[in-house]
Amino acid sequence: SRDYSRHRSRSRSPASRLSHKAGAMLTLPGSRVRFRPISDSWSDTVQVVSWRNSPAARASFFELAIVTPDSHRAFLAGRRADDLILGIELAGGSELIGMLSLTIDREKRAAEYGRLFIDPAYQGQGLAKESEFLILWAGFEWLRLDELWLDALIYNQAVLTLHDRTGWIRTGVDLDGHRSERGPVVHMEYPWDRWKMIGRRRYQAAFERVELPEWTG
């Protein structure tokens, strides 16, 4: 059974420490990608706004409103201290090539995973799959969450296929509280036990690695 004592031993969550730590990175030895918090800097803002307003992103995200620099910065300012809004970089580089997020519920020890986007110039190289496995590791092994969940539009088959391959479970369509006027919504969950029994092995098999990621910086 899972050791819950490690949960109670922390007065502040690791996510909170990361959010306020300049230069923090989530890295994995040998990995092609790494994560860092997205800031309200002008360079991050311009990049995220460009991505969010692109046709590819607008086809995947639930929100149809145009994202502006002000609305992006207001979104960041409105996040809770534990939430992770992360940029994806190539290891050894400093250019953002994508983004993703975890919206964390500390009381339930759960998080909503979302906003995954890889710049079109870097798609087709397996970077989305590698990023998804890395955030799953962070959620379960580093943040000690009990469950992750997500919602995806049913016509977004590329995203659903990615989630299937990394081990998510489809639990229903258009469940209460998980709907969109844009179309049917598939709800998916990833409990700790599934990660422990299946997810770790899929991650290691996909990348032929046994190393564990760590936060640095």
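Look up: the structure comes first, before these words.
Right, let's walk through the structure included here. The numbers attached to residues start from 1 for each chain and follow its sequence in the written order. In view of the model being predicted, local features appear only for residues whose pLDDT reaches at least 70, and side-chain atom pairs are presented and counted only at 80 or more, with totals across whole chains, interfaces and linings using the full set of residues. Where side-chain values are given, they derive from all heavy atoms of the structure, hydrogens and water being excluded.

### Here's the deal with the layout of surface pockets
Threshold: As defined here, a cavity is a set of points on a 1 Å grid over the protein atoms alone where a 1.4 Å probe fits but cannot get out. A pocket is an open set with protein on both sides within 12 Å along at least five of seven lines, and residues line them when an atom is within 4 Å of a point. Grid points are joined across faces, edges and corners, and a volume is the space filled by probe spheres set on the points. Only runs of H or I of at least four residues qualify as helices and only runs of E of at least two qualify as strands under DSSP, and these elements are numbered from the N terminus. Residues are grouped as follows: nonpolar covers Ala, Val, Leu, Ile, Met, Phe, Trp, Tyr, Cys and Pro; charged covers Asp, Glu, Lys and Arg; every other residue, Gly included, is treated as polar.
There is about 960 Å³ of room inside the largest pocket. In this structure, the largest pocket is lined by 35 residues; those nearest its centre are Ser 60, Leu 116, Phe 117, Asn 156 and Val 159. Those elements giving two or more residues to the lining of the largest pocket turn out to be helix 4 (55–60), strand 4 (96–105), strand 5 (110–118), helix 6 (127–142), strand 6 (147–153) and helix 7 (157–166). Among the elements that make up the lining of the largest pocket, the one with the highest residue count is strand 5 (7 residues). Grouping the constituent residues of the lining of the largest pocket by class yields 16 nonpolar, 11 polar and 8 charged.

### Focus on the pairing of strand 3 (residues 84–90)
Let me state the cut-off plainly: Burial classes follow relative accessibility: with a 1.4 Å probe on protein chains only, a residue under 20% of its type's maximum area counts as buried, one over 50% as exposed, and anything between as partly exposed. By definition, two strands form a pair when at least two bridges between them are found by DSSP.
Most of strand 3 is tucked away: 6 of the 7 residues are buried. In this sheet, strand 3 lies alongside strand 2 (residues 33–37) in antiparallel orientation, the contact comprising 5 bridges. Looking at the pairing, Pro 37 lines up with Leu 86 of strand 3. Where strand 3 folds back on strand 4, the antiparallel hairpin that results is connected by 5 residues, among which Gly 92 adopts a positive phi of roughly 85°.

### Focus on the packing of helix 3 (residues 42–52) against helix 5 (residues 69–77)
Pairs of packed helices are described in terms of their axes, by the angle between the two and the distance that separates them. Rules: Here, axes are lines fitted to C-alpha atoms. For helices the fit covers the stretch in contact, and angles between N-to-C directions go from 0 to 180 degrees. These descriptions rest on fixed angle ranges, namely under 35 degrees for roughly parallel, over 145 for roughly antiparallel, 65 to 115 for roughly perpendicular, and the rest for oblique. In this description, contact between two residues means that some pair of their heavy atoms is separated by no more than 4.5 Å.
Closest axis-to-axis distance for the helix 3/helix 5 pair is 9 Å, and the angle between their directions is 110°. Between helix 3 and helix 5, the crossing angle belongs to the class labelled roughly perpendicular. Between helix 3 and helix 5, the contacting residues are Trp 42, Thr 45, Val 48 and Val 49 on the first element and Pro 69, His 72 and Arg 73 on the second. In terms of residue class, the contact of helix 3 with helix 5 is built from 4 nonpolar, 2 polar and 1 charged.

### Some points on the packing of aromatic side chains
In this description, an aromatic ring pair is defined by two values, namely the gap between the centres and the angle between the planes. Operational definition: In this scheme Phe, Tyr and Trp rings, the latter by its six-membered ring, pair at centre separations within 6.5 Å, and the angle between planes marks the pair as stacked below 30 degrees, edge-to-face above 60, and tilted otherwise.
Taken as a whole, this structure holds 8 aromatic pairs when the rule is applied. Arranged with centres 5.9 Å apart and planes meeting at 15°, the rings of Tyr 113 and Trp 168 form a pair that is stacked. Of the two residues, Tyr 113 sits in strand 5 while Trp 168 sits in the loop between helix 7 and strand 7 (169–173), which places them 55 residues apart along the sequence. Exposure class is identical for Tyr 113 and Trp 168. Each is buried. Measuring from centroid to centroid gives 5.3 Å for Trp 168 and Tyr 190, while their planes differ by 85°, and the two rings are edge-to-face.

### Observations concerning the environment of Arg 201
What counts is decided by this rule: In protein, a polar contact means a hydrogen-donor-capable atom and an acceptor-capable atom, both N or O and within 3.5 Å, with residues adjacent in sequence counting only if both atoms are side-chain atoms; elsewhere, any N or O pair within 3.5 Å suffices.
Along the chain, Arg 201 turns up in helix 8 (residues 192–207). Reaching out from Arg 201, the side chain makes a polar contact with the backbone oxygen of Met 197 at a distance of 2.5 Å.

### Overview of the environment of Gly 183
Turning to its location among the elements, Gly 183 is positioned in the loop between strand 7 and strand 8 (185–191). Every residue in contact with Gly 183, bar those within four places of it in the chain, is listed here: Leu 153 and Asp 174.

### Thoughts on empty space enclosed by the protein
On inspection of all chains with the given rule, the structure shows 1 cavity of 30 Å³ or more. Here the largest cavity is characterised by a volume of approximately 30 Å³. Lining the largest cavity are Arg 52, Ala 57, Arg 58, Phe 61, Glu 63, Ala 65 and Val 67. In the lining of the largest cavity, the residues fall into 4 nonpolar, no polar and 3 charged.

### A short note on the side chain of His 178
Within the secondary structure, His 178 sits in the loop between strand 7 and strand 8. The buried category is assigned to His 178, whose relative accessible area is 17%. Polar side-chain contacts of His 178 include one of 3.5 Å to the side chain of His 187.

### As for helix 3
Every α-helical turn comprises 3.6 residues, leaving residues that sit three or four positions apart pointing alike. To be explicit about the condition: Working note: the arc is built from the helix axis to C-beta atom directions.
Burial in helix 3 covers these residues: Asp 44, Thr 45, Val 48, Val 49, Trp 51 and Arg 52. Around the axis of helix 3, the buried residues are gathered within 160° of arc, so they sit on the same side. Counted as exposed and oriented over 90 degrees from the buried face of helix 3: Trp 42 and Ser 43. Buried residues belonging to helix 3 abut strand 2, helix 4, helix 5, strand 4 and strand 5.

### Examining the side chain of Arg 34
Within the secondary structure layout, Arg 34 lies in strand 2. In terms of polar contacts, Arg 34 uses its side chain to reach the backbone carbonyl oxygen of Gly 93, at 2.4 Å.

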